[in-house]
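Observations on the three-dimensional arrangement
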Amino acid sequence: AQSGKMSKEIRLATVNEHNKATDLWVVIDNKVYDVTKFRLEHPGGEESLVDEAGRDATKAFNDVGHSSEAREMLKKYYIGDLAAADIKKKSPISCRHVALALGAAFIGISLVYVIRRGVARN
């Protein structure tokens with residue numbers, strides 16, 4: 001462990017090399033974790049970790065809906081931050097897509113409501 005607040009920057013290429021059950025790193029939310037020792041304790045089974053070995057597992061981690069306890073446990077295995085150069089820049093387009101999707105969902109919900117009210121009146 002280094003002294004001071006500066007955390008270690010780890011390149012994605014380095015993470016990619018740690019892609020075996022016996023040497024297992026993952027990236028979650030741009031933080032790098034060495035979960036080699038954890039894989040046998042993983043409630044979701046060893047395979048799901050090995051599947052994500054050496055990769056950015058953020059989506060897989062979030063899709064499963066891990067608890068805040070799981071997030072706390074992760075801290076034990078934290079080894080550094082993903083290098084800034086490897087962090088996927090959020091393009092401005094993604095924000096627009098979210099806004100459009102929310103807009104479309106809202107319109108959809110409104111239409112259903114209007115149609116239901118129309119049907120109820122008859």
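Residues numbered from 1 in each chain as written. Predicted model: local features only at pLDDT ≥ 70, side-chain atom pairs only at ≥ 80, totals over all residues. Heavy atoms only, no water.

An unreviewed UniProt entry annotates the chain as Cytochrome b5 of Drosophila melanogaster. Under the heading Sequence similarities (unreviewed entry), UniProt records this for the chain: "Belongs to the cytochrome b5 family." (UniProt positions renumbered as here; feature names shortened; annotations may be inferred.)

**Notes on the environment of Ala13**
Among the structural elements, Ala13 can be located in helix H1 (residues 12-17). Along the chain, Ala13 and Asp86 lie 73 residues apart, while their C-alpha atoms are 8.9 Å from each other. (Helix = DSSP H or I, 4+ residues; strand = E, 2+ residues; numbered from the N terminus.)

**Some words on the nonpolar core**
Within the largest apolar cluster, 12 residues are counted, these being Leu24, Val26, Ile28, Tyr33, Val35, Phe38, Leu49, Ala53, Ala57, Phe61, Leu74 and Tyr77. Broken down by element, the residue count for this core peaks at 3 residues, all from strand E3 (residues 23-28). Ignoring anything within four residues of it in the chain, the contact list for Val35 reads Leu24, Val26, Leu49 and Tyr77. Listed in part, the 6 residues of the second largest apolar core include Ile10, Val27, Val32 and Leu82. (Core = buried A, V, L, I, M, F, W, Y, C linked by side-chain atoms within 4.5 Å. Buried < 20%, exposed > 50% of the residue type's maximum accessible area, 1.4 Å probe, protein only. Contact = heavy atoms within 4.5 Å.)

**A look at the pattern of salt bridges**
As enumerated under the stated definition, the model contains 6 salt bridges in all. Taking the shortest distance from any N to any O, the salt bridge between Lys59 and Asp63 comes out at 2.6 Å. Within this pair, Lys59 and its partner Asp63 are both found in helix H3 (residues 58-64), separated by 4 residues, close to a single helical turn. When sorted by exposure, Lys59 lands in the same class as Asp63, which is exposed. In this structure, the salt-bridge partner of Glu72 is Lys75, at a minimum N-O distance of 2.8 Å. Overall, Glu72 belongs to the partly exposed group, its relative accessible area being 48%. (Salt bridge = Lys/Arg side-chain N within 4 Å of Asp/Glu carboxyl O.)

**Quick look at unusual backbone geometry**
Despite not being glycine, Asp29 shows a phi value in the positive range, around 50°. Turning to its location among the elements, Asp29 is positioned in the loop between E3 and strand E4 (31-34). The backbone of Asn30 sits at a positive phi, close to 65°, despite the residue not being glycine. Inspection of the secondary structure puts Asn30 in the loop between E3 and E4.

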